[in-house]
Amino acid sequence: MYEELLEDIAQQNGLREVNTYTKLAAGIGGILLCLLSMSFVAPLFIAFVLSFSILFLARIDAKTYGKIFVAPVVFALFSVSVIILLAGGEMAFWRWQPLSWLSLSLTRESINEGVFVFSRVIGGMSALLFIALTTPMTDLFVVMRRARLPEEVLDLTMIIYRTIFMIMSHMVLVYQAQLMRLGYRSFRESIRSFATLCGAVFVASWEAGEDLIKAMEARCYEGKFAVLGDGSPVRLTSALAVLSFLLVSGVIVMTTRNITFI
Amino acid sequence: MGRIILEARNIRYRYPRGMDAIQGISFHVRKGEKIALVGPNGAGKSTLLLMFNGMIRPDSGIILFDNTPIRYDRASLRTLRKRVGFVMQNPDRQIISPTVFQDVAFGPTNLGYSEQETKGAVENALRHVGLEGFDRRPPHHLSGGEKKRVAIAGVLAMDPDVLVFDEPTSGLDPSGSEDIMELLEELNQQGKTVIISTHDIELAYPWADRAILLLNGKILQEDVPDVAFGNQEMVRKARLSVPTLLELYLELERRGFRLPERRPRTVLDMINVIDRAFRNKPCYTEPGRIALLDVDAPGDVDLEIWQAARPEVSIGAMGTRAKQFAMDGKIPLDFTYGVIDKCILKALLGEDSLIIITRSMVRRVHERVEEFCRENQVRITVLTLSTNREEDGPGLTSPE
């Protein structure tokens, strides 16, 4: 039941001490370049560089990374195969019309389109995971405050963040207690147990909320949440690395504009 | 004895469901005292503690802080809660923010400190509890003892005069409990009044200046620990047990041994009692010496060389920063709890010892050793280590 959370991994990754903005620039820049690219080459390059940094710089376990990556890739494979079969085009390798309104084909254009979309998914995913695995939520709060997110929203986000982990550990406890007493033996039983689990967690979260108010009051709450301490400063080497990565990717985007898969 | 800082006058409180929680309690706490509130579950300990910072308002009777009755308007409560810090039993319930830094900064921010002041207060508080460098960690990644320390730091950051702890050692392993008790001792040495509630009488017995036995919302007994815990009938009534050392003393007394007046509170005291009863002198060899290394002014002592020259010397550390210092220098520690007593025990065996110490605790060592020497007519020398060269100053000669 207890799975390792992305957040937990991010808290201990090898790039934790790198400035948050530097990492965000690499991730968001990567996503934008994937979207701007007109060929499949640039996204694959971005995916390669960022996955390499995730595995070797952030030192994320390869198995964990693979597991996280599998779900979106499988999903993308399904969508891409639909695109390839339905997109149509002129240079057909194979064509089949099982029904009058449905024609399936395998054309040069559709294969190119499919490969392009697939590489974009891979590139975008690695950029997104790069952010998720190297930048914990606690560091993103600093960015959110800088971005002038309304105080109320930010305070609420932080309280929710803190509470999620408490409620989750409570849920794990209740679930284990149920499991030990064979609460999930049959389908009917599972449904019943799940209902009580939800109820117990709801009550616990309610109590946690009341305690939270008490705790805040006991500590002189006046409507203010502490300003977040600054993260690590921008370092020249990492900033240069990200800059050169974005530049090279940009050049690849420009030069490979006309390259297609087949 | 300091002046009275907290006082309760005939307070009563009834839970909303109609059960009596506190039934007429009066007592006072002096500045700089260490008070242990003991009693079974449901005796009203937590309720009573929550009244000290105005979280619960008694139905009748008054509570005075600094000789003025507590008022329950918002502004007064804020001032009160700044001066009376409350550390809850479950640190998970007390820690609010997503990172350690933010959580410790919670109080100072709400008290209107500037960003710079807040930062200073947080750093200071974290250093006090030995959690330097934990600023950016999220609380759910910390161990139970570390969480407890974060909760304590959050309260310390507001620099209160009185610290109230509800079950400070619950849920901690023995070593963690000892560390927390040692931290409470250190805070007390720095002038804070400390009030705790606990079931753990073995920890409370040597620590407290005064113990208050609570049962069914009433004070059963209030006295110095050896009297309060020595009354077996009362202790049984309060569903506690007599501390082992005290029980041993009482049993020896019943068997007709002539024992010193003062009842033993630590192993050192007990050894002394036994030595007196059976051999009538505390020490048989030339007593060893105790050296102090002040981490706030370490001079030019190279501890590694020093230690290599004297491998037999036992080393203890007192104070959070001293322990940190020992950890950073990878110095193996023989004692981290009850250090002074353990070093005196070593000295009585004719062995030398070294205490790595924070400045605020130095006086405590001198006082304790002098008190012991006076009572027992022995001479134990306490030296301050400041230089490696022995001809320049007092160094501890290697026992050869």
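Residues numbered from 1 in each chain as written. Chains lettered and ligands numbered in written order. Predicted model: local features only at pLDDT ≥ 70, side-chain atom pairs only at ≥ 80, totals over all residues.

Student: Teacher, can you tell me more about the overall build of chain A here?
Tutor: When helices and strands are tallied, chain A shows 9 helices and 2 strands. The order of α-helices and β-strands along chain A, N terminus first, is α-α-α-α-β-β-α-α-α-α-α. For 262 residues, the compact-globule estimate of 2.2 N^0.38 gives 18 Å, and the C-alpha radius of gyration of chain A, at 24 Å, exceeds that figure by more than 25%. Looking at chain A as a whole, 26% of its 262 residues qualify as buried. Within chain A, contacts between residues at least 6 apart in sequence are counted, and of these 76% link residues at least 24 apart. (Helix = DSSP H or I, 4+ residues; strand = E, 2+ residues; numbered from the N terminus. Rg over C-alpha atoms; globule rule 2.2 N^0.38 Å. Buried ≥ 20, exposed ≤ 12 C-beta atoms within 10 Å, placed from the backbone. Contact = placed C-beta atoms within 7 Å.)

Student: Whenever I open this one, the pairing of strand β7 (residues 162-166) of chain B confuses me. Can you help?
Tutor: One face of the sheet, then the other: side chains in a regular strand alternate in exactly this way. Residues and elements named next belong to chain B. Taken across its 5 residues, β7 has 5 buried, putting it largely inside the fold. Residues Val 162, Val 164 and Asp 166 of β7 are buried on one face, and the alternating residues Leu 163 and Phe 165, pointing to the opposite face, are buried as well. Summarising the sheet, strand β6 (residues 84-87) and β7 pair through 4 bridges and their orientation is parallel. By the bridge assignment, Gly 85 is partnered in β7 with Leu 163. For β7 and strand β8 (residues 193-198), the ladder comprises 5 bridges, and the chain directions are parallel. The residue of β8 that forms the bridge with Val 162 is Thr 193. Crossover connection from β7 via helix α7 (residues 174-189) to parallel β8: handedness right-handed. (Pairing = 2+ DSSP bridges. Right-handed = clockwise from strand over helix to strand, strands pointing away.)

Student: Would you mind going over the nonpolar core with me for this structure?
Tutor: Soluble globular proteins tend to bury their nonpolar side chains together. If you look at the biggest cluster of nonpolar residues, it comprises 89 residues, and the most contacted ones within it are B:Leu37, B:Val38, B:Val104, B:Ala153 and B:Val164. Those residues in contact with B:Leu37 that lie beyond four places of it in its chain are B:Lys45, B:Leu48, B:Leu49, B:Ile195, B:Ile196, B:Ser197, B:Ile212 and B:Leu214. Core analysis: the next-biggest nonpolar cluster, separate from the first, contains 31 residues, A:Ile31, A:Ala47, A:Phe116 and A:Val121 among them. (Core = buried A, V, L, I, M, F, W, Y, C linked by C-beta atoms within 7 Å.)

Student: Teacher, can you tell me more about the domain arrangement of chain B here?
Tutor: When the parts of a complex come together, some accessible area is lost, and that lost area is often taken as the interface size. Residue and element names in this part refer to chain B. Here the domain parsing of chain B yields domain 1 (4-242), domain 2 (245-278) and domain 3 (290-384). One C-alpha centre belongs to domain 2, the other to domain 3; they are set 26 Å apart. Every contact between the two is made by 5 residues of domain 2 and, on the other side, 5 residues of domain 3. Its residues assigned to classes, the side of domain 2 that touches domain 3 comprises 3 nonpolar, 2 polar and no charged. (Domains from an automatic or database assignment. Nonpolar A, V, L, I, M, F, W, Y, C, P; charged D, E, K, R; others polar.)

Student: Looking at this structure, I do not really get the interface of chain B and chain A. What am I missing?
Tutor: Tallying the contact residues gives 29 residues for chain B and 23 residues for chain A. Every element with two or more residues in the side of chain B that touches chain A is listed here: α2 (74-83), α3 (91-94) and α4 (100-110) of chain B. Residue contributions to the side of chain B that touches chain A peak at 7 residues, all from α4(B). When the residues that make up the side of chain B that touches chain A are grouped by side-chain class, the tally is 10 nonpolar, 11 polar and 8 charged.

Student: Before we go on, may I ask you to explain helix α1 (residues 45-52) of chain B in this structure?
Tutor: Think of an α-helix as turning once every 3.6 residues; residues three or four places apart then point the same way. Residues and elements named next belong to chain B. Inspection of α1 places Lys 45, Leu 48, Leu 49, Met 51 and Phe 52 among the buried residues, and these make up the whole buried set. Considered in projection along α1, the buried side chains sweep an arc of 155° and stay on one side of the axis. One or two steps after α1, the chain reaches Gly 54, where phi turns positive at roughly 75°. (Arc of directions from axis to C-beta.)

Student: It is not clear to me how helix α16 (residues 359-376) of chain B should be interpreted in this structure. Could you clarify?
Tutor: Residue and element names in this part refer to chain B. Taking 1.5 Å per residue, 18 residues should reach 26 Å; α16 reaches 27 Å between its end C-alpha atoms and fits that length. Among the residues of α16, those classed as buried are Met 361, Val 369 and Phe 372. All buried residues of α16 project into a common sector of 75° when viewed along the axis, lining one side. Among the exposed residues of α16, those pointing more than 90 degrees away from its buried face are Arg 363, Glu 367, Glu 370, Glu 371 and Arg 374. Following α16 by one or two positions, Gln 377 has its phi on the positive side, about 50°. (Expected span 1.5 Å × (residues − 1).)

Student: Explain the sheet that holds strand β2 (residues 20-30) of chain B here, please?
Tutor: Sheet strands pair via backbone hydrogen bonds, and the direction of the pair is either parallel or antiparallel. All names here are of chain B. Spatially, the 4 strands line up as an open sheet ordered β2-β1-β4-β5, and their pairing is antiparallel. Both outer strands of the open sheet, β2 and β5 (68-69), are each paired with one neighbouring strand and no more. Pairing of strand β1 (residues 4-14) with β2, which is carried by 8 bridges, proceeds in the antiparallel orientation. By the bridge assignment for β2, Leu 6 is matched with Val 29. α1 contacts β1, β2 and β4 (60-65) of the sheet and is inclined by roughly 55° relative to β2. (Axes fitted to C-alpha atoms, helices over the stretch in contact; angles between N-to-C directions.)

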